[in-house]
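# Coordinate inspection notes
Here is how the chains run, residue by residue.
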Amino acid sequence: MTAPRRPLPGAVLLGALLAAVLAAVGAAPAHAAGYRYWSFWEHDGRQWTYATQGPGTLRPADGDVLGFRFAVGEDSADVDRPRGASSFAAICGRTDPAPGTKRIALSVDFGTPADAPSGESPPKGRTACARVPGDGTAADALAAVLKPLRYDSGSLLCAVAGYPRTGCGEQVPDAAPDKGGERAGGQESAGKSGGGGDRSGEDSGGPAAGLAAGAAVVALLGAAAVRQARRRRS
């Protein structure tokens, strides 16, 4: 009785690597759904940080700088930050202090066409210096200079200066804009480095690229296994 032929070491290695490549490709994460909404930010003199309170409860001090950005994002670490002026002096430098009031600098970014709801175009970004009573909230400051505002039943800010006309925090499936350096943890940038109309490079590291790279590796290992088998037979 002839003993079963043991597989060549090269074939075993090739099979193991092929399985690993296919498993890695299959495990590549799909683009997660995001939400289209107005995000709320505070400026600490160096960069924007995502606000830990909502505009209806945050009571800024005289000289504070607040930002609002309309964009699509998965969470607070993913959504884009406001663009434009972020200096109190630049926004409120010509507004003198007054007793019993405080001055709040606002930087409002209406986002990009890629993030806009269907049929709408984002207005140009605006800055404004709001003067509100000493106990006023961020929402009071926004209402003082950028009406009309729109909120939902849960007090979520839906529209600033009437934009957008409809919708409020709706889910946007397969949202994967190129955030570049605009994420909450990145460095401040003057404009959006990605996420506009041109998204030609956004899939460069996705499953298709992984499959192509895996196929190339498997082909090279297959050739090596064949050469090794020929040498063993000779």
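Procedures and definitions
- Residues numbered from 1 in each chain as written.
- Predicted model: local features only at pLDDT ≥ 70, side-chain atom pairs only at ≥ 80, totals over all residues.
- Heavy atoms only, no water.
- Phe/Tyr/Trp six-rings, centres within 6.5 Å; stacked < 30°, edge-to-face > 60°.
- Helix = DSSP H or I, 4+ residues; strand = E, 2+ residues; numbered from the N terminus.
- Buried < 20%, exposed > 50% of the residue type's maximum accessible area, 1.4 Å probe, protein only.
- Contact = heavy atoms within 4.5 Å.
- Polar contact = N/O pair within 3.5 Å; in protein donor to acceptor, adjacent residues only side chain to side chain.
- Arc of directions from axis to C-beta.
- pLDDT = per-residue confidence, 0-100.
- Salt bridge = Lys/Arg side-chain N within 4 Å of Asp/Glu carboxyl O.

## Focus: the packing of aromatic side chains
What describes a pair of aromatic rings is the distance from one ring centre to the other and the angle between the planes of the rings. Inspection of every chain in the model, using the stated rule, returns 6 aromatic pairs. When the ring of Trp 38 is compared with that of Phe 110, the centres are 5.5 Å apart and the planes differ by 85°; the resulting orientation is edge-to-face. With Trp 38 in strand S1 (residues 34-43) and Phe 110 in the loop between strand S4 (101-109) and strand S5 (126-133), the pair connects residues that are 72 residues apart, well separated along the chain. The exposure class assigned to Phe 110 is buried, which follows from its relative accessible area of 1%.

## Considering the environment of Gln 171
Note on placement: Gln 171 falls in strand S8 (residues 171-172). Between the C-alpha atoms of Gln 171 and Glu 74, which are 97 residues apart in sequence, the distance is 9.3 Å. Excluding its chain neighbours within four sequence positions, the residues that come into contact with Gln 171 are Ala 33, Gly 34 and Tyr 35. Looking at Gln 171, its side chain comes within polar contact range of the side chain of Tyr 35, at 3.3 Å.

## Section: the side chain of Arg 36
Among the secondary structure elements, Arg 36 is positioned in strand S1. In this structure the side chain of Arg 36 is engaged in a polar contact, spanning 2.8 Å, whose partner is the backbone oxygen of Asp 115.

## Some remarks on helix H3 (residues 138-145)
Among the residues of H3, those classed as buried are Ala 138, Ala 139, Ala 141 and Leu 142. Each buried residue of H3 sits inside an arc of 160° when the element is viewed along its axis, so together they form one side. Those residues of H3 that are buried are in contact with S1, strand S3 (65-73), S4, S5, strand S6 (150-151) and strand S7 (157-159). The backbone nitrogen of Ala 139 lies 3.4 Å from a side-chain oxygen of the residue at the head of H3, namely Thr 137.

## Concerning unusual backbone geometry
With an omega of 0°, the peptide bond between Lys 147 and Pro 148 qualifies as cis. Among the structural elements, Pro 148 can be located in the loop between H3 and S6. Backbone torsion omega between Tyr 163 and Pro 164 reads -10°, so that peptide bond is classified as cis. Its location among the elements puts Pro 164 in the loop between S7 and S8. Even without glycine at this site, Ser 155 takes up a positive phi of about 70°. Positionally, Ser 155 belongs in the loop between S6 and S7. Judged by relative accessible area, which is 60%, Ser 155 ranks as exposed. Its identity as a non-glycine residue notwithstanding, Ala 161 has a phi of 55°, on the positive side. When you line up the elements, Ala 161 lands in the loop between S7 and S8.

## Describing the confidence of the model for the protein
Of the residues in the protein, 60% reach a pLDDT of 70 or more, and the chain-wide mean stands at 76. Note that pLDDT drops below 50 for residues 177-181; the model gives that stretch 17 contacts with residues more than four away or on any other chain. This model gives residues 183-213 a pLDDT under 50, and the stretch forms 55 contacts once residues within four places in sequence are excluded.

## Describing the pattern of salt bridges
A complete count under the given rule lists 7 salt bridges for this structure. For the salt bridge of Arg 46 with Asp 44, the shortest nitrogen-to-oxygen distance reads 3.3 Å. Under the relative-accessibility criterion, Asp 44 is labelled partly exposed at 42%. Ionic pairing is found between Arg 165 and Glu 120, a salt bridge with its closest N-O pair at 3.8 Å. Taken together, the residues Arg 165 in the loop between S7 and S8 and Glu 120 in the loop between S4 and S5 connect sequence positions 45 residues apart. Because the salt bridges share partners, they merge into one network encompassing Arg 69, Asp 80, Arg 83 and Asp 109.

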